[in-house]
Amino acid sequence: MSAGTIALRRAAGASLRTSRAAVREQALVAGGQILSGVGNLLYAAVMARLLSPAGFAELAAFLALYLLIAVPSLSLAAGGALDPERARRRRGRVLGASIPVSLGLAVLAVALAPSLGLSVPSALALATTPTLVALIELDRGRLYGERAYGWVTGSLVAEPIVRLAVGVTLAASLGVAGGAIGVVAGGIAGLAMARAGGDARTPRRPDAPAVPFADLSGKRNSPAEGRGPAKWRGRSAVPFGPLRTKRNSGAEGARARGPASRLAALAFLFLAVVQCQDIVFANATLDGVEAARFAAISTLGGAAVFATATIPFVLMPRAKAGEPGALGAALGTAALLGGGAALVTAIAAEPILTLAYGGGRFDAVASFLPAYMLAMALLGVARVLAADAVARGAKRVPWVALGAGALQLALLFAIGDSAEGVGISTLIAAAALTAVLVVERVPVVEKPINFAVKPHLSPASGTRRRQTLLILGGMMVLAIGLRLLASRSLWLDEATSWYETQLPFHRMLEVLRDTDVHPPGYFAVLWATVRGFGDGELALRLPSLLAATALVPMLYVAGKAMYDRATGLVAAGFAVVAPIVVWYSQEARMYAQLMLLAGVAVWALYQALETGRARYWLAYALAGAALAWTQYFAFLPMATFEAAIAIVAWQQKRAGRPVARIVVGGLLATLLIAALVAPLVPFAHHQFAVNQAAGKGFDAPSQVGGMAENQVNLYAALTNGIWAVFGYHSNATMLNLSALWPLLILLALMLLGRGRSRATLLLLAGVLVPTAMLTALALSQPFLFEVRYNLTAVPFLLLLGARAVTTWPHTGRGRVALATAAIAALGVGLADQEWNGTNPRSYDFEGALHEVDARSGPRDVLMYMPHDLNNLVAYYPPGLKTRRLGPNMPAAKVPRVFLLESFFEDRANDEATRKALVKLRGERELVRRMKFSQVEVWEFR
Amino acid sequence: MSRDRPNADPRLLPPDWSPDAAPPRRLRLLVLAMIPLSLWYFGWLLQPGRVGVPLLFGILVAAELFNLAQATGFWWTVTRRDRRPPPRAAARAGATPFAGRPPLVDVLIPTYDEPLAVLEPTVRAALAMRGARLVVSVLDDGCRPEVEAMAERLLARYVAREESEGAKAGNINAALLSTGSPFVAVLDCDHVPRPDFLERTLEPMVDEGVALVQTPQYYANSRRGGIAAAAWAQQALFFGAISRGKDADGAMFCCGTNVLFRRTALESVGGFPTDSITEDFVLSVKMHERGWETRYLPEVLAVGLGPEDMAAYVGQQRRWARGCLGAIGRVLRARLPLRMRVHYLLSSAYFLSGWALLAYMSFPLIRIFTGAQPIAAASADQFVLHFAPYFCTALAMVVVAGRGTYTFAGFALAAATFWVQILASLAALTRRAGRFVVTPKQGAGARQPLAAAPTLLAIAALVVGSAWGLINHRSPSTLNNVAFALLHVTVLASGARWALMRDGGQEEEPKRDAAREPINAPAPAAAHGRGGSR
């Protein structure tokens, strides 16, 4: 066995032992935290029985304010965990800053108390909080940094015990004030325990063990293992283990840790903002009922996040020391606690709400509770990642957290008009925050690593990476904003999606199999979404919204991998404003996922072909299978990609280059795709057979808008091409745009002399081959000549466009100008598509049905045509009787009759409507004719 | 090493192009596709019902047929296959060349006013050539003492005439009288030969019937981009697929430089003709008439410089167009096999393309201003359906035959000089004598709007017409014609933009591969020049 192997094995053993020790530490402190939470709950429960309702309400307000002050104070713990020495030194300064705040609060207590819902004694008790919690968290932070986890746990547990003992005792005699004093006493007890722990006076090595509870990890103090700093400060036996920097040791390190601990404090302050600002916003802006609904789920979510609160701080010292396994232990604990909470609420939301708030009061938020718990779980994970990043010296974490807070705030203003909207804002912000931190953590390996040299990240590459992250973050915020702004009424197919996902899962599958023409992948996702978020428009479109937003970073990743960073950024910029992407981000159908998965598939395949690495083949296979489960027409690009693998293998072989990796990888990936798609085959076959037997077959579906309808010709092809790039527009605009076809000659000429890379050929094949195959199919089934079925080409087109933009101009200025012009052109297309009001694919059923609702009484009748609108009418219930338009008109006793028509291009619909109108005109007086986008309503009385 | 010399002479770097043959199977497949697609388009176009305004329709059909003839000639040329044994094999099969002794070769380097920095590397490299006993002569029509001094210093022969009659042709003819080697190599003063230039070009001369061996003219300054790169894109197509095809039919003609002659062949036709400004072209016709064979050696054996500004390019194109168009009559009268005559005619008639382009540019303007159009009773849908496959496959043919070297910039530059071809053909028609103008060897370093004035006027007309159309009728049909106008504007502007740049769009630093070493290494002092070719 070589020395290197021995060293690696030793390192692996050390890593394992470190992981176990880290898990034990996490379990201990999290256990203390949970005990603390249980003690607090117990305290509240006892007080609820001990105090009058009004008294308990006052105490609840006191506790809420206490919590509001305490959560931001956790930032002090973060700073202390990273630099305990500094925490020790800064005690005086913290006192100096917090005592005036407390005194100020005390002075204002009399004036503020009524507005806060507190009595003066309670307000005075609250005034002590800033000083108290600041000191507690500062000392707890120090204990984390000194790894005195026993003391931390003791401090955490002592607080509720004393709170309970003192509070209950005093409350019996002093009422609410006694309870408040109990809370303060608990805090003092926690502080005393924290203060006593470790060595609060003598400065010492931050990594030295603290007594008496320090030695919790068995062998970890052995110099050969675990946290022994001397070991890890030396040369590492693990190639990529402890990436120590100079700042971690010595006087220079002490100087450098100052800013690091400040950054940690700042990061956790902003994370606290993300955690808290939704409840503040909800209380400030929502009406009483909605605010209460949100408060109900927020309280439970707060409990979940409370359980994970200590995890980042336990992680920090080990992360700072670069110990392998610590992050995994922390993430595992956070995921276990947060995910467990989300899972439990998903399984038993209503019983939990009943247990917490009594029967029936908040049952309406039961369907939404798991989603909010998931947001809190993500926040817990994000806090761990943030702690790890800060401890490793990353400087941008506070700004990432700030960005998430800004995104959350923007979302709150955009969609936070209900409890669900507020919760979704937090979920999106937490997801975005976690995603960015994950991206930050995952190492990007672009070239085979030379094990002989130390991994090195140049400052320039770090700066560029930061810039890229910031740009992408900004783009994603803009993308979400644009997509939310572009919201519109549901249309026919979306209402079908809604109807299907209202069914039990097995029933939904049956309905899909017997009546639909699409595979069940997307509907399964939507079914789960509806269970988590309800069936509001936003919730229904959430999967599409997220997929279309994720396309932005996805295209960056693909563009960077296939070409370069500039191409990736421009492609991402295109994805932000590309009208068709925005359109399908606001449609509760599978098309946004289709685009995202196509982007993933082409990226993974390209990487697999270039590097031969198994992970890319796996990603390609998973994306390909997911594509097939999302839309049947995905077989067109997948067939193209499979052919591309064969061609590349053949070319490699002909060129005498090694081909085994491509052949084996490609074969295994294909087999995996086949295995994953195999269960779908009987489903698809049944769908096809049933539809054929029903005489519907894959007959022309209700097609919408534009000139390409049901015909295969060159203008239709042009129209589809324009749709794919510039989105949907009025027929007049489409005619004008189609007339610009000579510019395609220019494009063809400009392609002369362009280099052709594997990436370009792969993308071109992904656009052209499926288009040609679809065209061939459309010759017998003209309805297939429709851009929706070829949307996998869109990400490829955007990447190719970005490549053209970044390479055709010869100067940097030219490239910027062209990219700006292209994005502006897409922006104009987007504006015309979304807000010009002439888009033939925009159906304002919501507006029409709300108008009918406003103008009708319960005895009135609404008839609608075509009959497929039944799901829409059920989704936007107009508050009157509804029925499909038939030969018989409503009886004369019906006061008002409304007739709603849409899909005017269907002659049968139109004819039936005309006949009905003639009849109604003969029997009744036409009161009003109302026109909405692609919808018309006649009102008779 | 060249990395350390930012302004190093690009001619001293090895070329980044080789005139390899295009994949023959792909070419033949494309030609096979082109036949039905051409019939598909022209069968549709030439139906009586398509005639809109008869005059315009006639012009359109003439332009389209001219393009079809050129395209057919191109397809035919690039798919010709050389069935002769390669020169080396022929050399091996025959007797020991030149009786085992290196032959005597006169290397003639005509010059007029080119800077020493351009000339000296050429003379040095010529003196370093292997495989022959050399006499390098610098033919200085400028009678410059510094050139004489340089020649003396380098041990080259200096030849100066008192009168510069017959321009380059006269200069070479005069030198021929004062030299006597059996072979004569002609190098433009900016074309730096490789050491094996003579070794390689002498191989085909084993065949006593071969009059000349032509090699490609590679523009080293194409690496700097700009107008030189665009001009090179045109050259690359010619010295790649086209020259190979011509050579397969024995129809390669002399291109004036990088060429080795057999003296007897030159003398048999009375030397270079001085009554043409494309003396090389007419010389080749004469040689072929006398039964001499010509060879094309598809290897870059000398590296030169292309035009670096618009005036230089326009001057070069004007001379070529005037000379080639003027030679059409000569070709038609020549006693040549049909196949060879067709090759010459195709090369000459290329310079009529400007008329076709003028017609295409005029149609949208005429439609916008008068409503008249060449085609009637046809929707754009039908037109595109018939035209697009033909057009796209024709472009694909250029891409494949040129192996991707023909660029949009090359196309745009050719289009932007459409007026040069029109003026040249008018001059040829009126038999106005052309004048040999030496192409400037260095960029002027100034904007040259006058060199592209007619192009800029055409752009202005198209822009004004489009604006007028958009203001007055914003119908789809007007938009369609505006789009055509914009297409032309973009192409013309892309080609003419270099006239509006001080440096002809060239970058300071040549794009080069640092790993490559200079092909030969004259003294560093000589490696700093820039200039133009011919």
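Given the structure is predicted, the values throughout are model-derived calculations rather than measurements. (Residues numbered from 1 in each chain as written. Chains lettered and ligands numbered in written order. Predicted model: local features only at pLDDT ≥ 70, side-chain atom pairs only at ≥ 80, totals over all residues.)

## Examining the overall build of chain A
As a reminder, the rule being used: Runs of E in the DSSP output that reach at least two residues are strands. Runs of H or I that reach at least four are helices, and both are numbered from the N terminus. Whether a residue is buried, exposed or partly exposed is read from the other C-beta atoms within 10 Å of its own C-beta, which are placed from the backbone; 20 or more gives buried, 12 or fewer gives exposed, and intermediate counts give partly exposed. Here contacts are defined at the residue level, using C-beta atoms placed from the backbone and a cut-off of 7 Å between them.
For chain A, the helix and strand inventory stands at 39 helices and five strands. For chain A, buried positions account for 50% of its 941 residues. At a minimum sequence separation of 6, the contacts of chain A that also span at least 24 residues come to 76%.

## Here we look at the overall build of chain B
A tally of helices and strands in chain B yields 19 helices and 10 strands. Residue burial in chain B is summarised as follows: out of 534 residues, 50% are buried.

## So, helix α13 (residues 326-347) of chain A
For an α-helix, the turn length of 3.6 residues means that residues three or four places apart are oriented alike. As a reminder, the rule being used: A helix is expected to span 1.5 Å for every residue after the first.
Between the first and last C-alpha of α13(A) there are 31 Å, a value that for 22 residues agrees with the 32 Å anticipated at 1.5 Å per step. What α13(A) keeps buried is the set A:A326, A:L327, A:A329, A:A330, A:T333, A:A334, A:L337, A:G338, A:A341, A:A342 and A:T345.

## Comments concerning the nonpolar core
All names here are of chain A. What counts is decided by this rule: Put simply, a nonpolar core is a cluster of buried Ala, Val, Leu, Ile, Met, Phe, Trp, Tyr and Cys residues tied together by C-beta atoms within 7 Å.
A267 and V390 are the most contacted members of the largest nonpolar core, which totals 433 residues. With 19 residues, helix α15 (residues 369-391) is the largest single contributor of residues to this core. Not counting residues up to four positions away in its chain, the partners in contact with A267 are A78, A386, V390, V397, P398 and A401.

## Let's talk about the interface of chain A and chain B
The following threshold applies: Residue polarity follows a fixed list, in which Ala, Val, Leu, Ile, Met, Phe, Trp, Tyr, Cys and Pro are nonpolar, Asp, Glu, Lys and Arg are charged, and the others, Gly among them, are polar.
On the chain B side, the residues contacting the 18 residues of chain A number 26 residues. The greatest single-element share of the side of chain A that touches chain B, amounting to seven residues, is contributed by helix α33 (residues 742-750) of chain A. Looking at the side of chain A that touches chain B, its residues break down into 14 nonpolar, four polar and no charged.

## Quick word on the environment of A:Y864
All names here are of chain A. Tracing the backbone through its elements, the reader meets Y864 in strand β1 (residues 861-865). In sequence terms Y864 and V937 are 73 residues apart; their C-alpha atoms lie 9.0 Å from each other. Apart from residues lying up to four places away in sequence, Y864 is in contact with L869, V873, T882, R884, L885 and L900.

## Section: the sheet that holds strand β4 (residues 926-932) of chain A
Working definition: the strands of a sheet are paired by backbone hydrogen bonds and lie parallel or antiparallel to each other. Residues and elements named next belong to chain A. Where we set the bar: In this scheme, strands are said to pair when DSSP sees at least two bridges between them. Here, axes are lines fitted to C-alpha atoms. For helices the fit covers the stretch in contact, and angles between N-to-C directions go from 0 to 180 degrees.
Pairing in this open sheet of five strands is mixed, and the strands run β2-β1-β3-β5-β4 from one edge to the other. Where the open sheet ends on each side, the last strands, each with one partner, are β2 (881-884) and β4. Strand-to-strand twist of the sheet, defined as the mean angle between neighbouring strand axes without regard to direction, takes the value 20 degrees. As judged from the four bridges shared by β1 and β2, these two strands associate in the parallel manner. In the sheet register, L862 faces β2, and the bridge partner there is T882. Strands β1, β3 (897-902), β4 and β5 (935-940) of the sheet are contacted by helix α37 (residues 845-855), whose axis makes an angle of about 15 degrees with β5. Helix α39 (residues 907-923) rests against β1, β3, β4 and β5 of the sheet, and its axis sits at about 160 degrees to β3.

## Description of the sheet that holds strand β2 (residues 133-140) of chain B
Residue and element names in this part refer to chain B. As summarised here, the arrangement of the seven strands in space is β3-β2-β1-β4-β8-β6-β9, forming an open sheet in which the pairing is mixed. Bordering the open sheet on either side are β3 (157-159) and β9 (293-296), each of which pairs with just one other strand. Adjacent strand axes in the sheet meet at a mean angle of 20 degrees when their direction is disregarded. Direction of pairing for strand β1 (residues 104-111) relative to strand β4 (residues 183-186): parallel, over a ladder of four bridges.

## Side note on the environment of B:P364
Residues and elements named next belong to chain B. Here P364 lies in helix α14 (residues 353-370). Take P364: there are 25 C-beta atoms within 10 Å of it, and that puts it in the buried class. Considered as a pair, P364 and F484 are 120 residues apart in the sequence and their alpha carbons are 6.4 Å apart. Those residues in contact with P364 that lie beyond four places of it in its chain are N481, F484 and A485.

## A look at the confidence of the model for chain B
Residue and element names in this part refer to chain B. Going by this rule: Per residue, pLDDT captures the predictor's confidence, and it can take any value from 0 to 100.
On average, residues of chain B score 85 in pLDDT, and 87% of them reach the 70 mark or higher. A low-confidence stretch, residues 1-6 (pLDDT under 50), is modelled with seven contacts involving residues beyond four sequence positions or located in other chains. Throughout residues 510-534 the model reports pLDDT below 50, and contacts reaching past four residues in sequence, or to other chains, amount to 76 contacts.

## Let's talk about the packing of helix α18 (residues 453-472) of chain B against helix α19 (residues 476-496) of chain B
Residues and elements named next belong to chain B. Stated formally: Every angle not falling under 35 degrees, over 145, or within 65 to 115 is termed oblique; those three ranges are roughly parallel, roughly antiparallel and roughly perpendicular. Take the far helix as your reference; a near helix turned counterclockwise from it by less than a right angle gives a left-handed crossing, and one turned clockwise gives a right-handed crossing.
Running from amino to carboxyl end, α18 crosses α19 at an angle of 155 degrees, the nearest separation of the two axes being 9 Å. By the angle class used here, α18 and α19 are roughly antiparallel. The two elements α18 and α19 meet at a crossing, and its hand is left-handed. Between α18 and α19, the contacting residues are T455, L456, A458, I459, L462, V463, G465, S466, G469 and L470 on the first element and T478, N481, V482, A485, L486, H488, V489, L492, A493, G495 and A496 on the second. Partitioned by chemical class, the residues of the contact of α18 with α19 number 13 nonpolar, eight polar and no charged.

## Regarding the pairing of β1(A)
Residue and element names in this part refer to chain A. The criterion, for reference: Orient the strands so they point away from the viewer; a crossover is then right-handed if the path from the first strand over the helix to the second runs clockwise.
β1 sits mainly inside the fold: four of its five residues count as buried. What joins β1 to β2 is helix α38 (residues 870-875), and the crossover it makes is right-handed. In this sheet, β3 lies alongside β1 in parallel orientation, the contact comprising five bridges. Its bridge partner lying in β3, L862 is registered against F898.

## Digging into the pairing of β2(B)
Regular strands show a simple pattern: their side chains alternate between the two faces of the sheet. Residue and element names in this part refer to chain B. Within β2, six of the eight residues are buried, which leaves the element mostly enclosed by the surrounding structure. One ladder, built from eight bridges, connects β1 with β2; its direction is parallel. Residue pairing for β2: P110 is matched across the bridge by L139. Handedness of the crossover is the feature at issue here: the chain leaves β1, passes through helix α4 (residues 116-127), returns alongside β2, and the resulting connection is right-handed. Pairing of β2 with β3, which is carried by three bridges, proceeds in the parallel orientation. Following the sheet pairing, S137 is matched in β3 by R157. The handedness of the β2 to β3 crossover, carried by helix α5 (residues 145-154), is right-handed.

## Quick notes on the confidence of the model for chain A
Interpretation of this model should avoid reading the predicted coordinates in detail wherever pLDDT is low. Residues and elements named next belong to chain A. Mean pLDDT over chain A stands at 81; residues scoring 70 or higher make up 86%. Below a pLDDT of 50 lies the segment residues 200-256, which in the model reaches 101 contacts outside its immediate sequence neighbourhood of four places, other chains included. Contacts of residues 698-709 to residues separated by more than four positions or lying in other chains number 34 contacts, the stretch itself having pLDDT below 50.

## Re the environment of A:I136
All names here are of chain A. Relative to the elements of secondary structure, I136 occurs in helix α6 (residues 129-145). Of the residues examined, I136 has 26 C-beta atoms within 10 Å and is grouped as buried. Taking the C-alpha atoms as reference points, I136 and L76, 60 residues apart in sequence, are found 9.1 Å from one another. Not counting residues within four places of it along the chain, the set of residues in contact with I136 comprises G187, G190, L191 and A194.

## Looking at helix α34 (residues 758-780) of chain A
All names here are of chain A. Keep this limit in mind: What the bend at a residue measures is the angle between two axes, fitted to the seven residues ending there and to the seven starting there.
Counted at 1.5 Å a residue, the expected span for α34 with its 23 residues is 33 Å, and the 33 Å between its end C-alpha atoms agrees. Of all the bends found along α34, the most pronounced is centred on A765 and spans about 25 degrees. When we look at burial in α34, the residues that qualify are A759, L762, L763, G766, V767, P770, L774 and A778.

## Examining the packing of helix α31 (residues 714-726) of chain A against helix α32 (residues 731-738) of chain A
Residues and elements named next belong to chain A. Two elements in contact, α31 and α32, have axes whose closest approach is 10 Å; the angle formed by their N-to-C orientations is 105 degrees. Relative to α32, the element α31 is oriented roughly perpendicular. On the side of α31, the interface is formed by Y715, L718, T719, I722 and F726, while α32 contributes M734, L737 and S738. In the contact of α31 with α32, the residues fall into six nonpolar, two polar and no charged.

## Remarks on unusual backbone geometry
All names here are of chain A. Note the cis peptide between M865 and P866, where omega equals 5 degrees. Here P866 is to be found in the loop between β1 and α38. Residue R147 is not a glycine yet carries a positive backbone phi of 60 degrees. Relative to the elements of secondary structure, R147 occurs in the loop between α6 and α7 (149-174).

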